[in-house]
Each structure stands twice: as C-alpha cells, then as structure tokens.
Amino acid sequence: MQPSGKYSFPVVFPSRGMRRRRAAHTAGGKPVLSETERTSSAQPARRRYYPSAAALLLAVSTLAAFQVAVAASTLAGSKREAVGGWAIQWQPASLVNGSPVVFQVAPPARLAGLSAKWLEHDVFFTYDAANHVWYGIAGISLETRPGIYPLDLEGTTSKGNKITLVRTFAVRPGKYPSVAVTVAKRYTEPGPEQVERIRQDKTIKQDVFRHTDPDREWLGKFRPPVDARVSDVFGTRRTFNGKVQSMHQGLDYAVPQGTPVSAANAGTVLLASPLYFEGNCVVLDHGQGLLTLYLHLSEIKVKPGERIEGGQEIGLSGGTGRATGPHLHLAVRWQGVYLNPATLLSLKLP
Ligand SMILES: [Zn+2]
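Now for a look at the structure at hand. Just so we're clear, the structure is a prediction, and the values are computed from it rather than from any experiment. Every chain's residues receive numbers from 1 upward, in the order its sequence appears when written. Predicted model: local features are reported for residues with pLDDT of at least 70 only, side-chain atom pairs are reported and counted for 80 or more only, and whole-chain, interface and lining totals are derived from all residues. With hydrogens and water stripped out, all remaining heavy atoms of the structure feed into the side-chain values.

**Considering the coordination of the zinc ion**
What counts here: A donor here means any N, O or S atom no more than 2.8 Å from the metal (3.2 Å for Na, K and Ca); water is not included, so a site may seem to lack partners. By the criteria applied here, four donors are tetrahedral when all angles lie between 85 and 135 degrees, four are square planar and six octahedral when opposite donors are over 155 degrees apart and every other angle lies between 65 and 115, and any other arrangement is irregular. Accessibility here uses a 1.4 Å probe with only protein chains present; expressed as a share of the type maximum, an area under 20% marks a residue as buried, one over 50% as exposed, and anything in between as partly exposed.
Protein coordination at the zinc ion: the donors are H248 (NE2), D252 (OD), D252 (OD) and H329 (ND1), at 1.9 to 2.8 Å from the metal. One way to put it: the four donor atoms around the zinc ion meet at angles of 52 to 155°, and that makes the site irregular. Sequence spacing of the donors to the zinc ion: H-x3-D-x76-H. Judged on exposure class, the residue H248 and its partner D252 are both buried.

**Describing the pairing of strand β12 (residues 178–181)**
Selection rule: A run of H or I in DSSP counts as a helix once it spans at least four residues, and a run of E counts as a strand once it spans at least two, with each numbered from the N terminus. Strands are labelled as partners when DSSP assigns at least two bridges between them.
By the alternation rule, side chains of β12 split into V179 and V181, which are all buried, and S178 and A180, of which none is buried. The sheet contact formed by β12 and strand β14 (residues 237–240) spans four bridges and is parallel. Paired with V179 across the two strands is R238, which belongs to β14.

**With respect to the sheet that holds strand β4 (residues 86–91)**
The sheet built from nine strands is open, its strands ordered β3-β4-β6-β9-β8-β7-β10-β11-β5 with mixed pairing. With one partner strand each, in any of the chains shown, β3 (79–83) and β5 (95–96) form the two edges of the open sheet. Summarising the sheet, strand β8 (residues 121–128) and strand β9 (residues 133–139) pair through four bridges and their orientation is antiparallel. Its bridge partner lying in β9, F125 is registered against G136.

Right under this line is the structure:
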C-alpha cells in the first residue's frame, strides 16, 4: 500500500462536522434518523436491540436453526431458514458493519406487498415472479455496533390482511485496516472559498440523496465498473497529517486516466456533474434505496434522469477533485449509509 500517493481525501461527506449538520429526512414517507443521529456513539434515540433473556433464547434457537440451514443451503455465501411458514435467505452469510445485505423472502401466503424495518430503515421488497420470492436490498452502517438486530417483516395479502414476522440477525464486527496519510494542508484546512464551495456541494448532494426510488431498478448481479486492481478497500481508517480522521467510504481501482467506466447495474442517473471533493461525479439510483457513485472522472458521458443499463459506459476515469492521482473511487450508498462495494459485487442476485 502507498498511503501518501494514491488516496483521495474523504469522499462525499468529508467532515464529521458537516455530517452533524444534516437534517432529518424522510424515506418512504416515514421519518428517518439523520446520519448524525445514526453515527454518534451514545445514542438513546438509536433503538439498539438489547438482548433480553427471551431474545437470547431466541438467538440461541436461531443459531441452532442456522446450523441446519447452513447444511441445507446450496448457495455458497448465503443462508436460508424456514420459520413459521416463512422461508428467508440472505447474503452475505455472515453480516458485519459496513456490509450490504440482500434478503430473499418467501412468505407463507400470496402477498400484494412486503416491507420491513431494519436498523431504523425501511426495506423495500420487490416480487420476483421467476423465483416466486421477494427481494430486498438493505445495509448495515459502519457505525452499527456488533449485536443482535431484528428484521421486522410485514406483508399485506391481496385481501388487505397483515402478516408479520420478526427475525433477528447477528451483526459481527468487520475487520478494516488503518493507515496514516500525508496530504497538503489545504485538504485538511480548506480556506473560505473552498468552504463555500463545499457548502454548495453539500446542498446539491442532499437534494440528490433525498430522491431515491423504492422500486427495484437493478437487474442481476452488480459488476465492477472497471477491470482493474483494487488499490484501496472500503472501511480503511485514515489519519490525515496526524490529525483529521476519516473512513474510506468506497473502493478504489487503480486505473489510468481515460479508462472507460461502466454502470455497476441498471439504474437512473441522479447526478452527473463536478463537485469539489468528488471531482466529476456520477450517481446512479438502482432503486430500493440503493445508489452507486463514481468519482474523480475525467469525462462524464450521461445526463441526469437518463436510464442506464448495467455495463453501459457512463464516463472516463480521471483524477479530478481531491484525488492525488488518477483512480476510480466506487461508492455504494443505501438510505444514507455507505456500504462495502466489494460485498455488493459478490452478491448473487436475480
Ligand atoms: Zn477512494
């Protein structure tokens, strides 16, 4: 690793202070905690699931069921389980903070709609007629502490009746590296003009991130946007100039200037413009609250509102914005939290 040369500065939301000032927004018509509220450590508002004796029993019996489920599972990296007529499968098999997760649910009755609550977010499910199951993409923020968390499923039958299931999942601590990085002082202490530009960008990004489509637009597996070596992984803790700390919220690919960058999956262009930190940036909405972001591009080849197919070229790689050299930074965002792109790319999806 060459920490001083290749890293772009914290991406998209560079300072904790800025993050703290984000207002609460809504998703699916219901209030959602702001990123601030989600990231602070001692959070009474963040309803962590403190395991009671009953829940522990449930967890233990769930673990026992896991063993059976693992044995029965035919898909590598996924787990499946049947509870009370519901069959639930999820990927990746082991959940850690920073990970996306896809839930695959076969309810005990024919449903008109299915939704769930997970870590204070709404999970939007879409019916997949070919496989007779519901798929919903969700995630676990980096700030989520290890613990047992419930997925509250609620289905609506064609007659309007509600059926529910609460299923708990263990979230384990992800293992992420730490590096020290040295950058020019203007990156850690921006001047007034830069601060103003950053402020304007923040408004643009807030607007963009507010509009996400609950319907599924993604189709099939997510694919790497370039065919290249990964130069830095997601979740790396970076200390800049011995002071400013940040978490690397994406995946860096070592690509020279001008390499074609393709859409990781089908979606709609939410943003296609230059930003201060991100440089030329494209944001794609894949539905179900899931976005992918492509940073530091030398050229953008799509326009906001445009429908994009998976694999379609959206721009050329570069080193614009706060990048010390050309590379592609790919980020994955789900309802306000950054997730590990490498995990998303590993999921088997219909
Ligand atoms: Zn990066």
